[in-house]
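The residues making up each chain are set out below.
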Amino acid sequence: MKSLLSIRSIRVLAIILLALAVAYLLTIFSHLDVKTVSFFEGLTSAFDRTNDAFFLFLTSPFIRVFSGQIHFNMMSFSQWLNQTTPLILTGLAISLVFSAGVLNLGAEGQMFAGAVAGSFIAVFVSLPAFLHITLIILVSAFTGAFCSVLPAYASVKKRNSEILVSLMMNYLAFYLGIYFMKRFILDETSGAVMSVKFAPSSSFPLFSERYKLHLGFIFAMLLALIIWYLLKKTRWGLKIKMIGSNSNFAEYSGIHLKKQLITVQLLSGGIAGTAGIFELIGFHGRFLWSSSPGYGWDGIIVAIMASKNPLYVPLSAAFLAYIRVGAQNMGRYTDVSPDLVKIIQAIIIIFLTAEGLFASENFQNSIKKLRGNSHG
Amino acid sequence: MSLPDEPILVLNGVTKIYPNQVIANDDIYLNIQGGHVHVLVGENGAGKTTLMNILFGLIKPTSGEIIFKGRKALFKSTFESIQAGIGMIHQHFKLVPSLTVLENCFLGIEPKSFIFSNHREMKNILNTFLHKFDIKLPLEKKIEDCSTATKQLIEIIKTLIRGADLIIMDEPTSLLAPQERDKLFNIIRKLKQNGKTIIFITHKLDEALSMGDEITIIRQGKVLNTFHNHNNNLKEFDLIQMLFKGNSKNIKVEKRDMDEDVVLSFQGVTLKGKTVTSLSDVSFNLHKGEILGIAGLADSGQQEIIDIIMGYENQYSGIFRLNGKIITHHTLQRARALQVSYIPSDKLSIGSDGNLSLWHNLISTQLDSKWVANIFRLKKSKIRRYTQELMQSFSIKASSPSMKVENLSGGNIQKTILARELSVKSKIILADNPTSGVDSESALFIRQQLLNQKNKGKAVLLFSHDLEELKLLSDRIIVLYQGKINGKFHNNDALNDYRLGESMMEAKAGNCS
């Protein structure tokens with residue numbers, strides 16, 4: 001709990017509040033109607049409408065107000081947890097390579113390729129449910145890892161930039177994936193571009209049949225714990241930490257840089273590879289992406305918000321999913337566009353990466369003082 | 001343009017103390033005569049570059065004043081210093097690779113016609129300068145296709161175009177081949193004839209003597225002396241004595257009979273650098289239970305020897321043996337596995353990691369040993385105990401094992417490195433200037449530790465710029481000069497500074513290239 005109150009996490013909270021405040025002001029501004037009514041009236045009505053929209057935006061993943069009564073919003077809640085799952089996984093994948101001081105911009109492609117490969121297993125293989133699902137997840141992970149072989153090898157052995165190579169791999173993974181899907185498992189009876197239905201044994205256990213809340217969330221949380229343990233408590237994690245902190249010193253100390261850098265990039269690719277498959281086997285029951293869903297890019301946001309700590313990754317993924325589900329509901333029931341959430345995301349990232357912001361001694365001292373008071 | 005024999009630049013008590021309390025310049029007084037070549041000599045890290053960066057407006061001094069052309073000058077930016085007539089040639093050139101020579105010369109000050117730069121006028125201006133100093137340049141060639149020497153010429157021309165009267169050259173010969181160096185010297189002489197003042201930074205004494213009208217020796221941030229060299233009356237030896245005067249305290253040295261076991265040997269090792277041969281035909285043996293000192297001016301091949309032993313460098317010819325075995329395909333991991341310990345001279349970026357805590361730094365070379373971790377987890381309590389033991393036995397002053405190393409003092413950081421390298425099983429210890437930049441108490445401790453290791457039968461290869469230290473600790477001393485072994489001495493009473501100094505200079509007849 002103490003670490004949750006660290007200066008860094010308070011800084012993140014402050015920036016999130018700031019971003020929400022900016023979004024709030026923007027919404028008021030966009031609702032300001034001064035042509036037909038007086039300025040004061042326009043302002044009050046803008047306030048009212050913005051407040052309504054933001055109430056929905058910030059509470060709807062939990063509660064629903066229906067004819068004056070407050071209900072638990074199970075539908076949105078399930079949606080929230082389901083959307084959190086892929087974000088945790090890609091967030092973990094990115095955090096992992098960040099810890100070693102390298103970047104992986106290929107998480108999107110790894111996720112996509114993993115999902116396609118997993119879909120093949122889900123369509124063509126028939127096994128007892130538990131084995132089938134395990135096999136699907138493993139194949140997805142291996143495919144994701146396979147996609148990161150080239151960037152890892154090129155960066156370590158040929159001194160290529162892993163950023164560029166992994167970025168370019170996204171195109172390869174996406175178009176090859178789409179090709180294989182259309183060539184072999186396309187559902188030609190359906191009007192849209194989607195695969196045939198998965199074998200029933202692939203269906204991921206659901207908490208609830210009606211709301212389709214799947215167990216991917218639990219898997220992602222467990223994985224976060226495992227990665228945290230690996231990084232913080234094991235010899236391997238210590239090596240990764242040393243490489244990320246100062247690779248000259250790590251090399252001088254006798255750590256095999258190339259081997260560790262390749263390992264960490266493959267592991268990251270493997271985790272990213274599993275990010276998409278849960279949604280397909282747990283929710284849709286078929287492969288239906290005709291464009292890449294973007295979880296790989298979201299992973300970068302999640303990792304930055306979590307300051308690459310695997311324990312904070314679920315928190316920051318949950319936050320991102322929360323405001324997205326909230327924004328969808330807001331878009332559905334009010335006239336505020338759900339794209340507002342993109343503005344919030346952008347502001348958060350820009351402010352978070354501005355290391356000078358909220359970094360002054362005054363700010364940090366006042367936080368220390370606050371903490372001192374609350375303890376005393 | 002100022003008259004000769006009148007100081008164009010005066011430094012009065014310039015001091016620079018960095019936030020981490022490192023004193024780079026300590027109360028420096030300096031007069032630079034107009035129209036002279038003034039050479040600053042000093043070892044790496046003596047504070048020459050910091051001083052010049054202060055002069056050029058890149059670094060703010062802690063105190064002191066600068067008087068340039070009779071006026072008080074404290075430049076806040078390089079823009080101001082260039083305006084005032086100072087030009088600086090950095091060790092690493094500041095040119096745009098994709099632009100042509102002509103475009104680079106006028107970057108930022110292009111003569112304009114309408115909004116386009118006027119190439120014809122640029123050429124005219126440049127040609128008058130080139131003619132005046134008798135320099136040839138390929139004007140339309142791109143910088144990326146130019147040789148190092150040409151790039152340097154362009155940097156010089158750049159300062160001239162911007163009207164510099166005082167040109168600072170920071171180790172200009174370090175990247176040049178010998179012939180190119182002579183060309184540069186000719187150009188410097190031309191500049192001098194035209195009334196320009198040159199500050200020439202180097203650590204090569206022969207260059208200092210052949211170019212300098214005045215030679216100032218800087219050591220550990222202080223000006224030791226300024227020599228006048230009007231009639232070439234200076235001898236290299238005068239400089240060497242100044243440069244290497246150490247202030248060692250006495251340690252009792254136990255002279256042991258030499259063990260015959262050779263643990264490391266070089267046989268005719270040659271390493272070709274980019275422009276010059278950095279090691280040529282180096283042969284020596286290192287025995288068990290001895291300290292072999294390696295002396296020489298900076299960049300005489302010390303780093304190359306270390307790189308070969310530690311596996312950073314593999315492109316050499318000749319035979320390198322460790323524990324009797326010929327080594328090919330050497331890597332750092334193998335060097336560590338063959339029990340070579342290494343105390344690098346770069347304490348902060350190679351020898352330690354300031355962001356990590358003390359215990360990280362103390363066990364970093366032992367991560368694969370069983371006591372540090374099993375397959376599941378690190379053995380934190382054992383690591384903690386180990387760290388505390390080392391803190392005690394090497395008297396490292398830190399509040400706890402998890403204190404960040406960047407918060408330790410310089411002496412304690414060096415003791416941390418020493419503790420790590422000496423507490424692992426090792427047969428060979430490479431120590432590269434282990435006491436430079438360390439307070440005298442820690443230096444004494446470090447020297448004692450090295451002697452203890454020798455008495456335990458380990459082989460120590462000691463690289464040092466401090467002759468006193470070498471004489472104090474070593475059983476034998478090898479002197480390097482331009483990548484060659486220029487002298488081997490047994491450390492007995494017959495050895496004196498003069499004999500060592502002699503072999504650190506231009507080689508004896510018939511022995512030089």
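Since the structure is predicted, the reported quantities are computational estimates derived from the model, not experimental observations.

1. Some remarks on the overall build of chain B
(1) Moving on: From N to C terminus, chain B includes 16 helices and 22 strands.
(2) Moving on: Long-range pairs, those at least 24 residues apart, make up 69% of the contacts in chain B between residues at least 6 apart in sequence.

2. Thoughts on the sheet that holds strand β12 (residues 222-228) of chain B
Residue and element names in this part refer to chain B.
(1) Moving on: Reading across from one edge, β6-β9-β10-β3-β11-β12 is the order of the six strands in this open sheet, with mixed pairing throughout. Strands with a single pairing partner mark the edges of an open sheet, and in this sheet they are β6 (86-89) and β12. Strand-to-strand twist in this sheet, taken as the mean axis angle between neighbours without regard to direction, amounts to 20°.
(2) Moving on: In this sheet, strand β11 (residues 214-219) lies alongside strand β3 (residues 37-41) in parallel orientation, the contact comprising four bridges. Pairing of Leu40 across the sheet is with Thr216, part of β11.
(3) Moving on: Packed onto the sheet, helix α1 (residues 48-55) meets β3, β6, β9 (166-170), β10 (197-202) and β11 and runs at close to 150° relative to β9.

3. Looking at the confidence of the model for chain B
Residue and element names in this part refer to chain B.
(1) Moving on: Averaged over every residue, the pLDDT of chain B is 83; the share at 70 or more is 89%.
(2) Moving on: Residue range residues 247-257 is modelled with pLDDT below 50. Its contacts to residues more than four positions away, or to other chains, number 14 contacts.
(3) Moving on: Long-range and interchain partners of residues 507-513, a stretch whose pLDDT sits below 50, account for four contacts in this model, where long-range means more than four residues apart.
(4) Moving on: Confidence estimates for the predicted assembly give a pTM of 0.76 and an ipTM of 0.81.

4. A few points about the sheet that holds strand β16 (residues 316-322) of chain B
All names here are of chain B.
(1) Moving on: If you trace the four strands from one edge of the open sheet to the other, you get β14-β13-β16-β17, paired in antiparallel fashion. Edge strands, defined here as strands with exactly one partner in the open sheet, are β14 (277-287) and β17 (325-326).
(2) Moving on: Lying over the sheet, helix α9 (residues 302-310) contacts β13 (262-272), β14 and β16, oriented at roughly 65° with respect to β14.

Each value, and the rule that gives it
- Residues numbered from 1 in each chain as written.
- Chains lettered and ligands numbered in written order.
- Predicted model: local features only at pLDDT ≥ 70, side-chain atom pairs only at ≥ 80, totals over all residues.
- Helix = DSSP H or I, 4+ residues; strand = E, 2+ residues; numbered from the N terminus.
- Contact = placed C-beta atoms within 7 Å.
- Pairing = 2+ DSSP bridges.
- Axes fitted to C-alpha atoms, helices over the stretch in contact; angles between N-to-C directions.
- pLDDT = per-residue confidence, 0-100.

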